[in-house]
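Inside the fold
One letter stands for each residue in the lines below.
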Amino acid sequence: MLTVLGMNAPAAVSFAQQQYHAYEIAQPAYKAAYGSWSTLVLPGQFRVNAIHASLLRTGKVLIVAGSGNDTENFKAGRFKTLLWDPVKETYKLIPTPDDMFCSGHAQLPDGNLLVAGGTLRYELLGRAVTTAGGTMQVFNEDPNKARTVPKGTVFTAPDGRRYLSDDDLVLAPAAKVRVSAPKAPGGYRTVVRHSQRAVFVIAQKPGPSEIVKARARFSVSGQRGNDANTLYGMADSINTGDQAFQGIKAAYEFDPDTEQYELVDPMQYARWYPTLAPLPDGKVLAVSGLDDTGTVLNGQNEIFDPATKSWSPGPTRYFATYPALFLTAQDKLFYSGSNAGYGNPKKGRTPGLWDPTTNSFQVVPGLARPDLTETSSSVLLPPAQSQKVMFLGGGAPGESAVSTDRTAVVDLAAAAPHYVAGPKLPGGPTRYLNSVILPNDTVLTTGGSSDYRGKRGSDILKADIYHPDSNSFTPAADPTVGRDYHSEALLLPDGRVVTLGSNPLFGNKQDVGPQFFEQRIEIYTPAYLYQRGARPSVSSGPQQLRRGQTAAFGVSSPDDIGAVRLMRPSSVTHATDVQQRSIALPFTRTADGSGLRVKVPTSSGLVPPGWYMLFAVSRAGVPSIARWVQVL
């Protein structure tokens, strides 16, 4: 009996510890100090792979999966979006017209959500590549007409080998240009300069015999006479090397009222892993991404105008994919250095202030370990008037196991902005960390893993609260669900935080078997919701505000309100959320003592147009349930 007891003692102790921990975290005193977590398991038919999550002005959460990093879904055209109401606990699957997997998204002034880009083709690596493929440069030398090259067009090599394009292509007419020619009549002559676009092609037959090793000119099927001479393809290499993900040009707005996607004009360039950054006038700048040949765009950015629902060329600048770009009070975009990888590890990763109007870029120095910026997190610290951005964690490029516990803070209002080292992450070296601004001017940090995509069982079951006023962390209750690659976290209007997704490379700690996608949702209830006393409430007030305006809101116990915050709803993916921000609203009590008069700042760079959550926060740091308002 003693032998049996001795053999089982560790398990018995562990079980006892687990039971005591469960008892401890359920106690009111513990919750009042650290908060609590609850797990939500959705009905089977509504479980999706949460790649993107956005809070809508209706209070519902739009969870976009697309094909969900699942090649079988992609091949079958199964693209999913889930609309979740966290108050009523209802779910609705939304028809999804394109594969929005790894797209970009942004909140628009009218409350619609812009979704642009996504997946044209999944990557193939190593032995999975059995058919040669590569980039075909297509040229149009006809100045009299544009040319359309539909998906599936055959390009034929001089030796008869055939290759199929995998996307539609439109080429502008060639341009007639006058150039200096001193010996010509009048000193000028007219030359024709071709238009040019790239498309990815796949050999019609598998095997190494279809590999192209030297530059060759390809004819385009269906062309006759002069058309055959002026429309042609050129390729330097078509091979069986690794083939990258490819993006799409499609763009949609999701309307929270109709709860449907509405097609808008496509982008000029296909994008996979792009960032959609808000501009002070309500327009949106699409930056970076892999194009429809699997190549990181070389600075071809473009601007979406919500008024015309169309795109125009933007300032040219190269960034790594999913760059974290924050709109500043000076109407510039601050690139924190956070990114999701892809492309040259030494290009497009330097932090700096970017002026999209002049296309000037001011480098911001001081970030320690600038080689470890992939899969990091960045956040515009509350309140936004402080103009401070925090950088958290990150890892080395690619599938490296190297990550860091480094944090840093930059004051963008300083004469010469530069990063200053912050406290180390309490959970140790972390990548894929999610950071969420809370209404009490703190930041919840949660999840992540120390290794690439949670390898070797490296998910970090830890959450902390960062305090900007003291530049320090304090512990929060620990989550129970691991979150690494393809995970999200966002603030709900009731002051809670929801965490979703996670796509570790393996389904177990032994690093064997197929990859896994976490479909459970976990909700964090912060400690401020367990404080004693009545919670503040906002009972009345205008739904529309203008910058510079003073407006009155009915508030319970006005004398007990210590802060009023205007918080922009999140739209987050790949640890990147450039939408969220918390703006301090100066306030006074109304003459009759029934509420507060609040003043909206005048800067559109600080308060871009759109819908916001207005929170009244008690002196003890307890927020009201948010009231939705639109800043025009």
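Structure's up top.
Below is a summary of the structure that appears in this document. (Residues numbered from 1 in each chain as written. Predicted model: local features only at pLDDT ≥ 70, side-chain atom pairs only at ≥ 80, totals over all residues. Heavy atoms only, no water.)

Notes on the sheet that holds strand β28 (residues 352–355)
Short version of the rule: DSSP bridges decide pairing: two strands pair if at least two such bridges lie between them. Comment: elements are numbered from the N terminus, with helices defined as DSSP H or I runs of at least four residues and strands as E runs of at least two. Here an axis means a line fitted to C-alpha atoms, over the contact stretch when the element is a helix, while the angle between two N-to-C directions is reported on a 0 to 180 degree scale.
Taken together, four strands build an open sheet; the order of strands is β26-β27-β28-β29 and the sheet is antiparallel. Edge positions in the open sheet fall to β26 (325–327) and β29 (360–363), since each of these has one partner strand only. For this sheet, the mean inter-axis angle between neighbouring strands, taken without regard to orientation, is 25 degrees. Here strand β27 (residues 333–335) pairs with β28 via three bridges, running antiparallel. Bridge pairing in β28 places L333 opposite W354.

Some words on the layout of surface pockets
How we decide: The rule is simple: put a 1 Å grid over the protein atoms alone, call a set of points where a 1.4 Å probe fits but cannot get out a cavity, call an open set with protein on both sides within 12 Å along at least five of seven lines a pocket, and count a residue as lining if it has an atom within 4 Å of a point. Grid points are joined across faces, edges and corners, and a volume is the space filled by probe spheres set on the points. Amino acids outside the nonpolar list (Ala, Val, Leu, Ile, Met, Phe, Trp, Tyr, Cys, Pro) and the charged list (Asp, Glu, Lys, Arg) are all regarded as polar, and Gly is one of them.
By volume, the largest pocket is sized at about 740 Å³. Around the largest pocket, the lining comprises 32 residues; the ones closest to its centre are E123, Y342, Y452, R453 and Y485. Its residues assigned to classes, the lining of the largest pocket comprises 15 nonpolar, ten polar and seven charged.

Structural notes on the pairing of strand β12 (residues 162–165)
To be explicit about the condition: Residue exposure (1.4 Å probe, protein chains only): buried if accessible area is under 20% of the type maximum, exposed if over 50%, otherwise partly exposed.
Burial of β12 is one-sided: the residues Y163 and S165 facing one way are buried, the residues R162 and L164 facing the other way are not. Hairpin connection of strand β11 (residues 154–156) to β12: five residues between the antiparallel strands, including G160 at a positive phi of 95 degrees. Two strands pair when backbone bridges link them, and β12 and strand β16 (residues 195–203) are joined in this way by three bridges, in the antiparallel orientation. Residue Y163 lies in a different strand from β16, and its bridge partner there is A203.

Looking at the nonpolar core
Rules: The set of buried Ala, Val, Leu, Ile, Met, Phe, Trp, Tyr and Cys residues whose side-chain atoms join them within 4.5 Å is what this entry labels a nonpolar core. Pairs of residues are marked as contacts when any of their non-hydrogen atoms sit within 4.5 Å.
Grouped together as the largest cluster of nonpolar side chains are 53 residues, with contacts concentrated most on I63, W84, L491 and I521. Broken down by element, the residue count for this core peaks at four residues, all from strand β49 (residues 610–618). The residues contacting L491, other than those within four sequence positions of it, are L55, V436, I437, L438, P439, R496, V497, Y528, M567, M613 and F615. The next biggest cluster of nonpolar side chains, apart from the first, holds 35 residues, and it includes V364, V410, V538 and V578.

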